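Working through the structure, step by step
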Amino acid sequence: MENELEFTKVVPPLREEKPYWSPYAAGFGIGITLLLAYWFLGTGLGASGGLARIGAWVWHGVLPRHVEGSAYFGEWFQKGSPPVLGYYLVFMALGIFAGGALSALGSGRITPMVEKGEKVSVRGRLWFALAGGLLVGFASRLARGCTSGQGLTGGALLFTGSIVFLVCMFVGGFVVAVLVRREWS
């Protein structure tokens, strides 16, 4: 219990916090980024493909035969295949992380803490985050695309499946928000 209090202490920001960006400006920026990705790369945005390759590369270092024998990941490690980490989505995922960190540093919003509701422990919150991340990661690979790939890229191309995905994602988000809102009040 004592360790939990350590994580939830309010630590003063490194510098004075700046206000959040306007969601309209951020959305416009994402749109411009998507347009530039099509212009320069000939393809859209995505994150799960890069993270899957990074994960496969890590596991290949631990269990190479197992990963090479995988129907999904094995083709990435065959002779003559391009380097696993040389895929453009790996650089995009790393760029997203670096850009988010720079943005948070620039706005003075880097504070070591775990955000949670009053009714859940820090450990419980971290387990829920891990479980949710694993579920979303598995689902994005199963669907052959993550929210950014399906929603942004597919939505920009007006793909029917992507539009259906976006509608279902928002409806699901509203339903879950109603179910868990008491945890965050």
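Every chain is numbered on its own, with residues counted from 1 as its sequence reads. Whole-chain, interface and lining totals are the exception, using all residues; otherwise, since this is a predicted model, local features are given only for residues with pLDDT of at least 70 and side-chain atom pairs are given and counted only at 80 or more. Working from all heavy atoms in the structure, the side-chain values ignore hydrogens and water.

Along its length, the chain carries eight helices and zero strands. Numbering of helices and strands starts at the N terminus; helices are DSSP runs of H or I of at least 4 residues and strands are runs of E of at least 2. Secondary structure of the chain in N-to-C order comes out as α-α-α-α-α-α-α-α. Within the chain, the proportion of its 185 residues that are buried is 21%. Here the analysis covers contacts within the chain between residues at least 6 apart in sequence; of these, 62% occur between residues at least 24 apart. Summary of the burial criterion: residues with accessible area below 20% of their type's maximum are buried, those above 50% are exposed, and those between are partly exposed, where the area comes from a 1.4 Å probe applied to protein chains only. Residues count as neighbours in contact if any of their non-hydrogen atoms are within 4.5 Å of one another.

Its location among the elements puts Arg-125 in helix α6 (residues 122-142). The sequence separation of Arg-125 and Val-114 amounts to 11 residues, and the corresponding C-alpha distance is 7.9 Å.

Now for unusual backbone geometry. You will see that Leu-158, though not glycine, has its phi angle at about 60°, which is positive. Note on placement: Leu-158 falls in the loop between α7 (147-156) and α8 (160-180).

So, on to a nonpolar patch on the surface. Within this analysis, patches are made of residues with over 30% relative accessible area and no salt bridge. Like charges are joined at 9 Å or less; nonpolar side chains (Val, Leu, Ile, Met, Phe, Trp, Tyr) at 5 Å or less. Areas reported here follow the Shrake-Rupley algorithm with a probe of radius 1.4 Å; residue values treat only the protein chains shown as occluding. Between Lys or Arg on one side and Asp or Glu on the other, a salt bridge is scored when a side-chain nitrogen of the former is within 4 Å of a carboxyl oxygen of the latter. Where nonpolar side chains cluster on the molecular surface, the patch consists of Leu-158, Ile-163, Val-167, Val-171, Val-175, Val-176, Leu-179 and Val-180 and spans about 710 Å² of accessible area. Inspection of the secondary structure puts Val-171 in helix α8.

As a further point, take helix α2 (residues 23-41). The terminal C-alpha atoms of α2, which comprises 19 residues, lie 26 Å apart, in line with the 27 Å expected from a rise of 1.5 Å per residue. The term polar contact refers here to a pair of N or O atoms within 3.5 Å; inside protein, the definition further demands a hydrogen-donor-capable atom paired with an acceptor-capable atom, and it admits residues adjacent in sequence only when both atoms are side-chain atoms. Its side-chain oxygen placed 3.1 Å from the backbone nitrogen of Tyr-24, Ser-22 serves as the N-cap of α2. Where α2 ends, the next residue or the one after it, Gly-42, has phi of about 75°, a positive value. What a helix is expected to span follows from its residue count: subtract one and scale by 1.5 Å.

Bringing the packing of aromatic side chains into the picture now. What counts as a ring pair is set by centres within 6.5 Å for rings of Phe, Tyr and Trp (its six-membered ring), and what kind of pair is set by the plane angle: stacked under 30 degrees, edge-to-face over 60, tilted for all other angles. Evaluated as defined, the whole model comprises four aromatic pairs. Through a chain of ring-to-ring contacts, the aromatic side chains of Tyr-72, Phe-73 and Trp-76 assemble into a single cluster. Counting as a charge over the ring demands two things of the Lys NZ or Arg CZ atom: a distance within 6 Å of the ring centre and an angle within 35 degrees of the ring normal. Taking the ring centre of Trp-76 as reference, the NZ or CZ of Arg-53 above it sits at 4.2 Å. Above the plane of the ring of Tyr-87 lies Arg-53, whose end atom (NZ or CZ) is 4.0 Å from the centre.

Core analysis: the biggest nonpolar cluster contains six residues, these being Ala-52, Ala-56, Val-67, Trp-76, Phe-77 and Val-84. Among residues more than four places away in sequence, those in contact with Val-67 are Ala-56, Trp-59, His-60, Phe-73, Gly-74 and Phe-77. As used here, the term nonpolar core means buried Ala, Val, Leu, Ile, Met, Phe, Trp, Tyr and Cys residues forming a set that is joined through side-chain atoms within 4.5 Å. One finds Ala-37, Leu-45, Leu-89 and Met-92 within the second-largest nonpolar core, a separate group that totals five residues.

The next subject is the packing of α2 against α7. Comment: axis = line fitted to C-alpha atoms, over the contacting stretch for helices; angle = value between 0 and 180 degrees taken between N-to-C directions. At a minimum axis separation of 11 Å, α2 and α7 run at an interaxial angle of 70°. Comparing the axis directions of α2 and α7 gives the class roughly perpendicular. Between α2 and α7 the crossing geometry is right-handed. Contacts between α2 and α7 involve Ile-30, Leu-34 and Tyr-38 from the first element and Leu-152, Thr-153 and Ala-156 from the second. Classification convention: Asp, Glu, Lys, Arg as charged; Ala, Val, Leu, Ile, Met, Phe, Trp, Tyr, Cys, Pro as nonpolar; all other residues, Gly among them, as polar. Partitioning the contact of α2 with α7 into residue classes produces five nonpolar, one polar and no charged. In these notes the angle categories are as follows: under 35 degrees is roughly parallel, over 145 is roughly antiparallel, 65 to 115 is roughly perpendicular, and the rest is oblique. Left-handed is the label given to a crossing in which the near helix is rotated counterclockwise from the far helix by less than a right angle, and right-handed is the label when the rotation is clockwise.

What follows concerns the confidence of the model for the chain. Residues of the chain with pLDDT of at least 70 account for 89%, and the chain-wide mean is 84. Here helix α1 (residues 2-8) is the element of the chain with the lowest mean pLDDT, 52, and helix α4 (residues 64-68) is the one with the highest, 93. Scored between 0 and 100, pLDDT is the confidence that the predictor attaches to each residue.

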